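Topology and contacts: notes
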Amino acid sequence: MSRTVFEKRYDARLRRFGRCSVCQFREVTDGTYHCKRNPDRQGACVIDGRLPKFQFDSSSVEDLRDAK
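Summary of the structure given here. The model shown is predicted, which means the values in this text are computed figures rather than measured ones. (Residues numbered from 1 in each chain as written. Predicted model: local features only at pLDDT ≥ 70, side-chain atom pairs only at ≥ 80, totals over all residues. Heavy atoms only, no water.)

Remarks on the pairing of strand S1 (residues 26-29)
Two strands pair when backbone bridges link them, and S1 and strand S2 (residues 32-35) are joined in this way by 4 bridges, in the antiparallel orientation. From the neighbouring strand, arginine 26 faces S2, where its bridge partner is cysteine 35. Joining the antiparallel neighbours S1 and S2 is a turn of 2 residues, in which aspartate 30 adopts a positive phi near 55°. (Pairing = 2+ DSSP bridges. Helix = DSSP H or I, 4+ residues; strand = E, 2+ residues; numbered from the N terminus.)

Shown next, in the form of structure tokens:
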């Protein structure tokens, strides 16, 4: 089954910038996405047992859609 353009863009973004790039608790420092106010926690929110946990930010979907 063929993947949609959106799925390909989403996967490419995750590979390039990591899970933090689509999280609602993200922050950008020097072009790197990480957990808000905690740059050492990049991508570790799923395994470290601390809050906030990863939550998908629906506004990041707009960046991945085709412009019409």
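Considerations on the packing of aromatic side chains
All chains considered together, the criterion is met by 3 aromatic pairs. For the ring pair phenylalanine 6 and tyrosine 10, a centre distance of 6.5 Å and an interplane angle of 15° mean the geometry is stacked. Taken together, the residues span about one helical turn, with phenylalanine 6 and tyrosine 10 both in helix H1 (residues 5-17) at a distance of 4 residues. What makes tyrosine 10 partly exposed here is its relative accessible area of 21%. Considering the side-chain rings of tyrosine 10 and phenylalanine 56, the 6.1 Å spacing of their centres and the 65° angle between planes classify their relative orientation as edge-to-face. (Phe/Tyr/Trp six-rings, centres within 6.5 Å; stacked < 30°, edge-to-face > 60°. Buried < 20%, exposed > 50% of the residue type's maximum accessible area, 1.4 Å probe, protein only.)

Topic: the side chain of arginine 13
Looking at where arginine 13 falls in the secondary structure, it is placed in helix H1. When its relative accessible area of 12% is taken as the criterion, arginine 13 is described as buried.

Observations concerning the environment of histidine 34
For histidine 34, the position within the fold is in strand S2. Note on histidine 34: relative accessible area 3%, which makes it buried. Between the alpha carbons of histidine 34 and arginine 65 there is a distance of 23 Å; along the sequence they are 31 residues apart. Once residues within four sequence positions are removed from consideration, histidine 34 is found in contact with Cys20, Phe25, Arg26, Glu27, Val28, Thr29, Pro39 and Gln42. (Contact = heavy atoms within 4.5 Å.)

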